[in-house]
Amino acid sequence: LSAVRKNGDPLKVSVSLSNVVLDGVNYSAAVISNAQMIATSEANILRELAEKDALTGLVNRVFLSKTIQNHMDENGVFTMLFLDLNKFKPINDEFGHGMGDHILIQVAKRLCGHIRTGDCVARIGGDEFVLLIKNLDQCSRIRSLCEEIAHSISMPITCSGNTLNVGVSIGAAIF
């Protein structure tokens, strides 16, 4: 339906009617909603579902691809670090997927501690992550960052009375 705001601007609304019985008396109840606001909220929720990893809250491969394309279009310098966890599958197999999920969440948090505003951490697969770091093209700084990340990831993770360790293999590419 269409309505008009106080200032005269058009407004799309949806109306939902229901019969309500209170103390034996029938009433009709109407709920009028701003249809545009609902559509915008739904679109935002769908976009977030499409671009976020549900387990870790990191962005996923879809969002990462868009971010890479944007940086390339801007002709900006950036480095991508590709990370694959070591010793993850045996943990998942021996302790179960709940423990594996806990490990992935902790790793995601640790990775987020190594980026700045404007950088990006994505989970692109089971135990695979990518860090996209803007304005980083010095090999010595990249090496140092990889060492910091490897050290951070290798720190013990405790869950349900178990203390576990994973390692990480890191590859780097500069654009």
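Look up: the structure comes first, before these words.
Throughout, residues of each chain are indexed from 1 in the direction in which the sequence is written. Given that the model is predicted, a residue must reach a pLDDT of at least 70 before its local features are reported, and side-chain atom pairs must reach 80 or more before they are shown or counted; all residues, however, enter totals for whole chains, interfaces and linings. The side-chain numbers reported here are obtained from all heavy atoms of the structure, hydrogens and water having been left aside.

### Some remarks on unusual backbone geometry
So, step 1. Here the phi dihedral of aspartate 23 falls at roughly 50°; this positive angle occurs in a residue that is not glycine.
So, step 2. Numbering of helices and strands runs from the N terminus, with a helix taken as a DSSP run of H or I at least four residues long and a strand as a DSSP run of E at least two residues long. Structurally, aspartate 23 is set in the loop between strand S2 (10-22) and strand S3 (25-34).
So, step 3. Of note in this structure, asparagine 135 is not a glycine but carries a positive phi near 55°.
So, step 4. For asparagine 135, the position within the fold is in the loop between strand S6 (128-134) and helix H5 (139-154).

### Some thoughts on the pairing of strand S4 (residues 78-86)
So, step 1. By definition, two strands form a pair when at least two bridges between them are found by DSSP. Examined bridge by bridge, S4 and S6 share seven bridges and lie antiparallel to one another. Bridging across to S6, phenylalanine 82 finds its partner in valine 130.
So, step 2. Looking at chain direction, S4 and strand S9 (residues 167-174) are connected through eight bridges and run antiparallel. Looking across to S9, one finds that methionine 80 is bridged to alanine 173.

### Looking at the pattern of salt bridges
Side-chain pairs of opposite charge can arise where the charged atoms are in close proximity.
So, step 1. Any carboxyl oxygen of Asp or Glu within 4 Å of a side-chain nitrogen of Lys or Arg constitutes a salt bridge here. Overall, the coordinates contain five salt bridges when judged by the stated rule.
So, step 2. As a salt-bridge pair, arginine 123 and aspartate 53 come within 3.0 Å of each other at their nearest N and O atoms. On the criterion of sequence distance, the pair formed by arginine 123 in strand S5 (residues 120-125) and aspartate 53 in the loop between helix H1 (35-51) and helix H2 (61-73) is long-range, its members being 70 residues apart.

### Structural notes on the sheet that holds S9
So, step 1. If you trace the four strands from one edge of the open sheet to the other, you get S5-S6-S4-S9, paired in antiparallel fashion. Two strands in the sheet have a free side with no partner beyond their single neighbour: S5 and S9. For this sheet, the mean inter-axis angle between neighbouring strands, taken without regard to orientation, is 20°.
So, step 2. The sheet contact formed by S5 and S6 spans five bridges and is antiparallel. When the bridges of S6 are listed, arginine 123 appears paired with phenylalanine 129.
So, step 3. Whether two residues are in contact is decided by their heavy atoms: any pair within 4.5 Å suffices. For helices, the axis comes from a line fit to the C-alpha atoms of the stretch in contact; other axes are also lines fit to C-alpha atoms, and the angle between any two N-to-C directions lies between 0 and 180 degrees. Running over the sheet, H5 touches S4, S6 and S9 and is turned about 160° from S9.

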